[in-house]
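# Coordinate analysis (summary)
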Amino acid sequence: MPPDAPSPQTTVADTATARTMSPLTRWMAAPSPAPRLPEDEVQRRYPRLRLQVFIGIFLGYAGFYLIRNNISLIAPLLLDQGRINTVGIGIIGNAVLLAYGFSKFFSATISDRSNARYFLPIGLALSAVANLVVAFVPAVSASVALFATVMFLNGWVQGMGWPPCGRVLVHWFSTNERGWKTAIWNTAHNVGGMGVGALAALGLAITGDSWQSAFWVPAIGALVVAVIAFVLVRDRPEAVGLPPIEEYRNDPAKVEADTSELEGASYWSIIVKHVLLNPTMVYLALANVFIYSLRYGVLSWAPTYLAEHHGMSLAQGIAGFSLFELAGIFGTLACGWVSDKVFHGNRSWTGITFMVGVGVFLVAYWLAPVGTPYWLLMVFLFFIGAFIYGPVMLIGLQALDMSARNVAGTAAGFTGLFGYVFGATLASTGVGWVVHQYGWGMTYGLLTLSVVLTIVLLLFVLPREKRLMAHHRDVSSAE
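Residues numbered from 1 in each chain as written. Predicted model: local features only at pLDDT ≥ 70, side-chain atom pairs only at ≥ 80, totals over all residues. Heavy atoms only, no water.

### Observations regarding the overall build of the protein chain
- Along the backbone of the protein chain there are 21 helices and zero strands.
- Looking at the 479 residues of the protein chain, the share that counts as buried comes to 56%.
- Within the protein chain, residue pairs in contact and separated by at least 24 positions form 84% of the contacts whose partners lie at least 6 positions apart.
- Accessible surface for the protein chain amounts to roughly 18700 Å². Of this, 70% is attributable to carbon and sulfur atoms. (Helix = DSSP H or I, 4+ residues; strand = E, 2+ residues; numbered from the N terminus. Buried < 20%, exposed > 50% of the residue type's maximum accessible area, 1.4 Å probe, protein only. Contact = heavy atoms within 4.5 Å. Areas by Shrake-Rupley, 256 points an atom, 1.4 Å probe, with all protein chains shown as cover.)

Rendered as structure tokens:
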């Protein structure tokens, strides 16, 4: 094939993409392959563009966390002013959560066929607009229903953040490096989470504690990030005249896309076949339910548990909350490195190992008697956070790894749908109900059971991943 000709596989996929997208969204379709650049130009541009797009999706995804669910930051102000009660705050917070969970899946079905350079910044800009509406339209905050509606819309466009990032990771980083690269990228949400606190504090300081500033100051920051992301992100290598990443790094994908079926099947039928009826994706989605139950079940209730059970102050509980999030950075990076370097791309064994770590420190945290030193409880919380954030990252990565590239984002969105809609809901209302009815002992017993069930589900995934890895090695050695 001449060096300036696009591959037939890519051409088929692009033709199918254009055919199945509506005229309204066709302008946002994934770009067609550009003529192949000369080899010396490929070697010069590829490393630079890989770094550039990685920075773009890192900053872009961090930007979404600046404006995801800022009501929790200013809830005490709203309560003090009598503008809203705790029930209303819960309704608004759950509206974002539910919308984000569903959107992460449905947005992914569009993102897999869209230009990531457009998709991510548009979602971020729309989310910023929703936050500006909350800040500057008084009628929104005067009604819980209207406030929740706007934040539901915010949650929906927030779902446009993860899928294009997953698309970029799949197309620009190959199988044997993707664990470490995804781990680094995944810390963007920790960076964004810390950034929103700083921007909200700045807004409150310069406005004399006007709660609206916790929405509009971060929103302005997010708009700036959206512009930066548009400048940096490129959809995939072929769109700029570069070879596919598997060819460039001589590292074939675990699962090859069967683009021939795109010619005769609807995109939704392909999703049903490769995602909804794929046992591996179902196992990963169910595992994500328990992982998110653990993540939010421990994190969200840490201040309450430490105060009620151990007699700690609210400030000490909040410190534990922050430490849990900070630990996630170290744990995620460690998990990515272990996944690539120790288990050589076997995400299931990596996830099982980290879940064992979660179980050990969760039980220690649960069974620590009243009077346990505060610093020791913080050690337990730190390591729970460090170990749980690895599997949080890995589930999405496994969905990307173990699905064909043409449905990779949708597969990851499917696991995210289960994690947010079911797992996080169990961790909020579910944990609250169990604590109220049966106490903390039963609650942490059920959370420990979640660890066991997650490990069992990952053991179901393991044989399939081993087969894919063996095929990957065979293909690599044959080339």
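### Side note on helix H18 (residues 347-367)
- An ideal rise of 1.5 Å per residue puts 30 Å on 21 residues; H18 measures up with 30 Å between its terminal C-alpha atoms.
- If you check the start of H18, you find a side-chain oxygen 3.2 Å away from the backbone N of serine 348, and it comes from asparagine 346. (Expected span 1.5 Å × (residues − 1). Polar contact = N/O pair within 3.5 Å; in protein donor to acceptor, adjacent residues only side chain to side chain.)

### Side note on the nonpolar core
- Membership of the largest hydrophobic core comes to 96 residues, with the highest contact counts inside it found for Trp172, Trp185, Met355 and Tyr365.
- Among residues more than four places away in sequence, those in contact with tyrosine 365 are Val298, Ala302, Tyr305, Leu306, Leu377, Phe380, Leu381, Ile384 and Tyr444.
- Counting 22 residues, the second largest nonpolar core, distinct from the first, contains Ala130, Val140, Leu204 and Ala214. (Core = buried A, V, L, I, M, F, W, Y, C linked by side-chain atoms within 4.5 Å.)

### With respect to the packing of helix H6 (residues 116-136) against helix H8 (residues 144-158)
- Interaxial distance between H6 and H8 falls to 8 Å at its minimum, and their mutual angle equals 165 degrees. Looking at the two axes, H6 sits roughly antiparallel to H8. By crossing handedness, the relation of H6 to H8 is classed as left-handed. Residue-level contacts link Gly123, Leu126, Ser127, Ala130, Asn131, Val133 and Val134 of H6 to Phe147, Val150, Met151, Asn154, Val157 and Gln158 of H8.
- Of the residues that constitute the contact of H6 with H8, the class distribution is eight nonpolar, five polar and no charged. (Axes fitted to C-alpha atoms, helices over the stretch in contact; angles between N-to-C directions. Parallel < 35°, antiparallel > 145°, perpendicular 65-115°, else oblique. Left-handed = near helix turned anticlockwise from the far one by under 90°. Nonpolar A, V, L, I, M, F, W, Y, C, P; charged D, E, K, R; others polar.)

### Describing the packing of aromatic side chains
- For the structure on display, the rule yields 30 aromatic pairs.
- Considering the side-chain rings of phenylalanine 330 and phenylalanine 382, the 6.3 Å spacing of their centres and the 40 degrees angle between planes classify their relative orientation as tilted. In this pair, phenylalanine 330 is assigned in helix H17 (residues 314-342) and phenylalanine 382 in helix H19 (residues 374-401), connecting sequence segments 52 residues apart.
- Taking NZ or CZ as reference, arginine 68 lies 4.1 Å from the ring centre of tyrosine 100, over its face. (Phe/Tyr/Trp six-rings, centres within 6.5 Å; stacked < 30°, edge-to-face > 60°. Lys NZ or Arg CZ within 6 Å of the ring centre and 35° of its normal.)

### Section: the confidence of the model for the protein chain
- Here the protein chain averages 83 in pLDDT, while 86% of its residues score no lower than 70.
- Confidence, expressed as mean pLDDT per element, reaches its minimum in the protein chain at helix H1 (residues 8-20) with 45 and its maximum at helix H12 (residues 213-232) with 96.
- In the model, residues 1-18 has pLDDT below 50 throughout and makes 25 contacts with residues more than four positions away in sequence or in other chains. (pLDDT = per-residue confidence, 0-100.)

### Brief notes about the side chain of threonine 415
- Checked against the element boundaries, threonine 415 lands in helix H20 (residues 408-438).
- If sequence neighbours within four positions are ignored, threonine 415 has contacts with Met281, Leu284, Ala285, Asn288, Ile395, Gly396 and Ala399.

### A few points about empty space enclosed by the protein
- Considering all chains together, one arrives at three cavities of 30 Å³ or more under this definition.
- Each pocket or cavity is described by its volume, and for the largest cavity that value is around 180 Å³.
- Lining the largest cavity are 19 residues; nearest its centre among them are Lys104, Trp162, Asn186, Tyr292 and Val392.
- At the level of secondary structure, the elements contributing two or more residues to the lining of the largest cavity comprise helix H3 (39-65), helix H10 (175-186), helix H15 (279-299), H19 and H20. (1 Å grid on protein atoms, 1.4 Å probe; cavity = no way out; pocket = protein on both sides within 12 Å on 5 of 7 lines; lining within 4 Å. Points joined across faces, edges and corners; volume = space filled by probe spheres on them.)

### Topic: helix H16 (residues 302-310)
- Residues of H16 that are buried: Ala302, Pro303, Tyr305, Leu306 and His310.
- Positive phi appears at glycine 311, one or two residues downstream of H16, with a value of about 70 degrees.

### Quick notes on the environment of valine 42
- Mapped onto the secondary structure, valine 42 falls in helix H3.
- Separated by 201 residues in sequence, valine 42 and proline 243 have C-alpha atoms that sit 7.9 Å apart.

### Overview of the environment of aspartate 401
- Tracing the backbone shows aspartate 401 in helix H19.
- Given a relative accessible area of 2%, aspartate 401 falls into the buried group.
- In this structure the C-alpha to C-alpha distance between aspartate 401 and arginine 347, which are 54 residues apart in sequence, comes to 9.2 Å.

### Here's the deal with the side chain of asparagine 115
- Relative to the helices and strands, asparagine 115 resides in the loop between helix H5 (86-111) and H6.
- Engagement of the side chain of asparagine 115 in a polar contact is seen with the backbone nitrogen of arginine 117, the distance being 3.0 Å.
- When neighbours within four sequence positions are excluded, asparagine 115 is seen to be in contact with Met28, Ala29, Ala30, Pro31 and Asp235.

### Digging into the packing of H3 against H12
- Between H3 and H12, the shortest axis-to-axis distance is 8 Å and the interhelical angle comes to 160 degrees. If you check the angle between H3 and H12, you find them roughly antiparallel. Helix-helix and strand crossings are classified by hand; for H3 and H12 the assignment is left-handed. Contact with H3, carried on its side by Gln52, Val53, Ile55, Gly56, Leu59, Gly60 and Gly63, involves Ala222, Val225, Ile228, Ala229, Val231 and Leu232 of H12 and no other residues of that element.
- Of the residues belonging to the contact of H3 with H12, the class tally is nine nonpolar, four polar and no charged.

### Considerations on unusual backbone geometry
- The phi torsion at aspartate 209 lies on the positive side, around 65 degrees, for a residue other than glycine.
- Taking the relative accessible area as the measure of exposure, aspartate 209 reaches 45% and is therefore partly exposed.

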